[in-house]
Amino acid sequence: VKNIKKKQIALLGSTGSIGKNSLKVISQHPKHFQVLYLTANRNINDLILQAKQYRPRGVVITDKKLYKELKTTLSGICKVFWGMGGILEVLQDPEINLVLNSLVGGIGILPTYHSIQLGKDVALANKETLVAAGQLIMKNALKKRVKILPIDSEHSAIWQCILGEDKKNIKRIILTASGGPFRNWSKEKLFEITREQALLHPNWDMGEKITIDSATLMNKGLEIIEAFWLYNVQLRQIEVVIHPQSIIHSMVEFKDGSIKAQMGVPDMKIPIQFALSYPDRLTLKTEYISFDKYNSLTFERPDLKKFPCLKIAIDAIKAGGTYPAVMNAANEVAVNGFLNKQIRFTDIPIIISETMENHSPLKEYSIDELLAVEKESKKYATNLLN
Ligand code: MN
């Protein structure tokens, strides 16, 4: 295969949903992709199995309490590190030429930043990196000539639609959204939503945080901000359309009225592999679309009154500076609060708004200032849970 240099990968968040799908992609193409490091938060059992199967140079466990047990179990197999310090340390390995960041939440910001500073390309599934720190990340990526390769299915779709196009001809980016499980519920009923109901996504099988974000439509808000930074368009050029079948993963309209859409089954292996194989494509074992199964593709407008999180996200990126970081941090806390049954589904936007109202924004920020804002916002939002 031309043009593909073997990808030596540090896979951050290997035991999550994207991490596991990434390993499925990597193992389909051992000639092209190799895992050098794996990291997990707390899922030691899966991490051990993965280490035995993929034989990386090292693994990192975030939770210090699990470090000793992991080190004993993997002695003679690979090096073992712990914590954010461990992640940042393994990223230094000069053999790594691609960092696949599939960490969940603001915890992913620093490893992305660090990878860029080290001049390593980043396949980015951690959307919070761009939501919270897009300005800083894109500026530094440009300076270091590092590629940010999006894994989020919508952004992969947009990327594929604009390949070979001139940016100045883009009129609109149309982000598609499934609408989540509560699309047709009345506003009143949203008050009673349980954790279990919110975790049942109609089309995608994903981690808990993103599944709740999809149910509140915050996920689409985060993705507007991601698209804003990745594709350098005006905010008003980004639109959201509800497309419940999740077959069109997003679209780009050009100034001559032509629209390109990228389609496929809802399988994250497809955008993951594209980020790894770009600029080429490789055969992938996945399901292929059967047009007998889909007799209609439908589209509708999102209801911002029913799903205020989407509007909060648009307002946050309009306000700019550190506001999106605050929103993101408060959302993480609120989603956790909902998953732990401390608050109602409809309290999520309230907690985010109150945290944002309390914030005095910075227009420009360093990585340290940003992480301090994140921490402060999480503390403030946590207090609101009680
Ligand atoms: Mn997405």
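If you're wondering where the values come from, they're calculated on a predicted model, not measured in any experiment.

Q: If you had to explain the overall build of the protein chain to someone new, which residues and values would you point to?
A: Across its full length, the protein chain carries 15 helices and eleven strands. Whereas a compact globule of 386 residues would reach a radius of gyration of roughly 21 Å, the protein chain reaches 20 Å, a difference of no more than 12%. For the protein chain, buried positions account for 57% of its 386 residues. Contacts in the protein chain between residues at least 24 apart in sequence constitute 68% of all its contacts with a sequence separation of at least 6. Considering the protein chain, the positive charge centre built from 51 side chains and the negative charge centre built from 39 side chains are found 5 Å apart.

Q: So what's going on with the packing of helix H9 (residues 208–216) against helix H10 (residues 218–231)? Which residues, and what values?
A: Two elements in contact, H9 and H10, have axes separated by 5 Å at closest approach and are oriented at 95°. In terms of orientation, H9 lies roughly perpendicular with respect to H10. Across the interface between the two elements, Lys209, Ile210, Asp213, Ser214 and Thr216 from H9 touch Met218, Asn219 and Leu222 from H10. Class assignment for the residues of the contact of H9 with H10 results in three nonpolar, three polar and two charged.

Q: Residue-level account of the layout of surface pockets, with values.
A: Its boundaries defined by the atoms lining it, the second largest pocket holds a volume of some 620 Å³. Lining the second largest pocket are 21 residues, and of these Met138, Ile148, Lys167, Leu230 and Tyr231 lie nearest its centre. Where the lining of the second largest pocket is concerned, the elements lending two or more residues are helix H6 (127–144), strand E7 (148–150), helix H7 (153–162) and H10. Broken down by element, the residue count for the lining of the second largest pocket peaks at five residues, all from H6.

Q: If you had to explain the coordination of the manganese ion to someone new, which residues and values would you point to?
A: Every protein donor of the manganese ion is accounted for by Asp152 (OD), Glu154 (OE) and Glu223 (OE), and the metal-donor separations fall at 2.0 to 2.1 Å. One chain supplies every donor for the manganese ion, spaced along it as D-x1-E-x68-E. Summarising the burial analysis for this pair, aspartate 152 and glutamate 154 share the class buried.

Q: Account for the sheet that holds strand E9 (residues 238–242), with residues named and values stated.
A: Read from one edge to the other, the open sheet built from four strands follows the order E9-E8-E10-E11, with strand pairing classed as mixed. Sheet topology places E9 and strand E11 (259–263) at the edges, where each strand pairs with a single neighbour. On average, each strand axis in the sheet is tilted by 20° relative to the strand beside it, whichever way the strands run. Against the sheet, H7 contacts strand E8 (170–177), strand E10 (248–254) and E11, and its axis sits at roughly 40° relative to E10.

Q: Break down a nonpolar patch on the surface for me, with residues and values.
A: A contiguous nonpolar patch, built from Met263, Phe291, Leu297 and Phe299 and spanning about 400 Å² of accessible area, is present on the exposed surface. Examined against the element boundaries, phenylalanine 299 turns out to sit in the loop between helix H11 (269–277) and helix H12 (308–319). For phenylalanine 299, a relative accessible area of 42% puts it in the partly exposed group.

Q: Hey, could you go over the pairing of strand E4 (residues 79–82) for me, with residue numbers and the actual values?
A: Of the pairings in the sheet, the one linking strand E3 (residues 58–61) to E4 comprises four bridges and is parallel in character. Paired with valine 59 across the two strands is valine 80, which belongs to E4. In the classification by handedness, the crossover that spans E3, the intervening helix H3 (residues 67–73) and the parallel E4 is right-handed.

Q: An account of helix H14 (residues 347–357) is requested, with residue identities and associated values reported.
A: If you check which residues of H14 are buried, you get Ile348, Pro349, Ile351, Ile352, Thr355 and Met356. Taken around the axis of H14, the buried residues stretch over an arc of 160°, which confines them to a single face. Where H14 is buried, its residues contact H9, H10, H12, helix H13 (323–339) and helix H15 (367–384).

Q: Report on the nonpolar core, specifying residues and quantitative values.
A: Counting 109 residues, the largest nonpolar core has Val59, Leu70, Phe182, Leu276, Met327, Ile348 and Ile352 as its most contacted members. Top element by residues in this core is H13. It accounts for ten residues. Residues Val60, Ile87, Leu88 and Val90 belong to the second largest nonpolar core, which totals 13 residues.

Q: Report on the side chain of serine 156, specifying residues and quantitative values.
A: Note that serine 156 resides in helix H7. Leaving out residues up to four positions away in the same chain, serine 156 has contacts with Pro150, Pro271 and Phe274.

Q: Go over the packing of H10 against H12, please, and point to the residues and values.
A: As a packed pair, H10 and H12 sit with axes 7 Å apart at the nearest point and diverge in direction by 25°. The orientation of H10 relative to H12 falls into the category roughly parallel. Pair H10 / H12 crosses with right-handed handedness. For the pair formed by H10 and H12, the contact residues are Met218, Lys220, Gly221, Leu222, Ile224, Ile225, Phe228 and Trp229 on the first element and Cys309, Leu310, Ala313, Ile314 and Ile317 on the second. Here the contact of H10 with H12 is composed, by residue class, of eleven nonpolar, one polar and one charged.

Q: Got a sec to walk through the pattern of salt bridges? Specific residues and values, please.
A: If you walk through the whole model with that rule in mind, you get 26 salt bridges. Linking arginine 42 and aspartate 63 is a salt bridge whose minimum nitrogen-to-oxygen distance equals 3.5 Å. On the criterion of sequence distance, the pair formed by arginine 42 in the loop between strand E2 (33–40) and helix H2 (44–54) and aspartate 63 in the loop between E3 and H3 is long-range, its members being 21 residues apart. Judged by its relative accessible area of 14%, aspartate 63 falls in the buried class. For arginine 172, the salt bridge is made with glutamate 253, and the minimal N-O distance between the two is 2.7 Å. In this pair, arginine 172 sits in strand E8 while glutamate 253 sits in strand E10, placing the two residues 81 residues apart along the sequence. Salt bridges sharing common partners tie together Lys127, Asp152, Glu154, Lys220 and Glu223.

Conventions used here
- Residues numbered from 1 in each chain as written.
- Predicted model: local features only at pLDDT ≥ 70, side-chain atom pairs only at ≥ 80, totals over all residues.
- Heavy atoms only, no water.
- Helix = DSSP H or I, 4+ residues; strand = E, 2+ residues; numbered from the N terminus.
- Rg over C-alpha atoms; globule rule 2.2 N^0.38 Å.
- Buried < 20%, exposed > 50% of the residue type's maximum accessible area, 1.4 Å probe, protein only.
- Contact = heavy atoms within 4.5 Å.
- Lys, Arg positive; Asp, Glu negative; His and termini not counted.
- Charge placed at Lys NZ, Arg CZ, Asp CG, Glu CD.
- Axes fitted to C-alpha atoms, helices over the stretch in contact; angles between N-to-C directions.
- Parallel < 35°, antiparallel > 145°, perpendicular 65-115°, else oblique.
- Nonpolar A, V, L, I, M, F, W, Y, C, P; charged D, E, K, R; others polar.
- 1 Å grid on protein atoms, 1.4 Å probe; cavity = no way out; pocket = protein on both sides within 12 Å on 5 of 7 lines; lining within 4 Å.
- Points joined across faces, edges and corners; volume = space filled by probe spheres on them.
- Donors = N, O, S within 2.8 Å, 3.2 Å for Na, K, Ca; no water.
- Pairing = 2+ DSSP bridges.
- Patch = residues over 30% accessible without salt bridge, like charges linked within 9 Å, V, L, I, M, F, W, Y side chains within 5 Å.
- Areas by Shrake-Rupley, 256 points an atom, 1.4 Å probe, with all protein chains shown as cover.
- Salt bridge = Lys/Arg side-chain N within 4 Å of Asp/Glu carboxyl O.
- Right-handed = clockwise from strand over helix to strand, strands pointing away.
- Arc of directions from axis to C-beta.
- Core = buried A, V, L, I, M, F, W, Y, C linked by side-chain atoms within 4.5 Å.
- Left-handed = near helix turned anticlockwise from the far one by under 90°.

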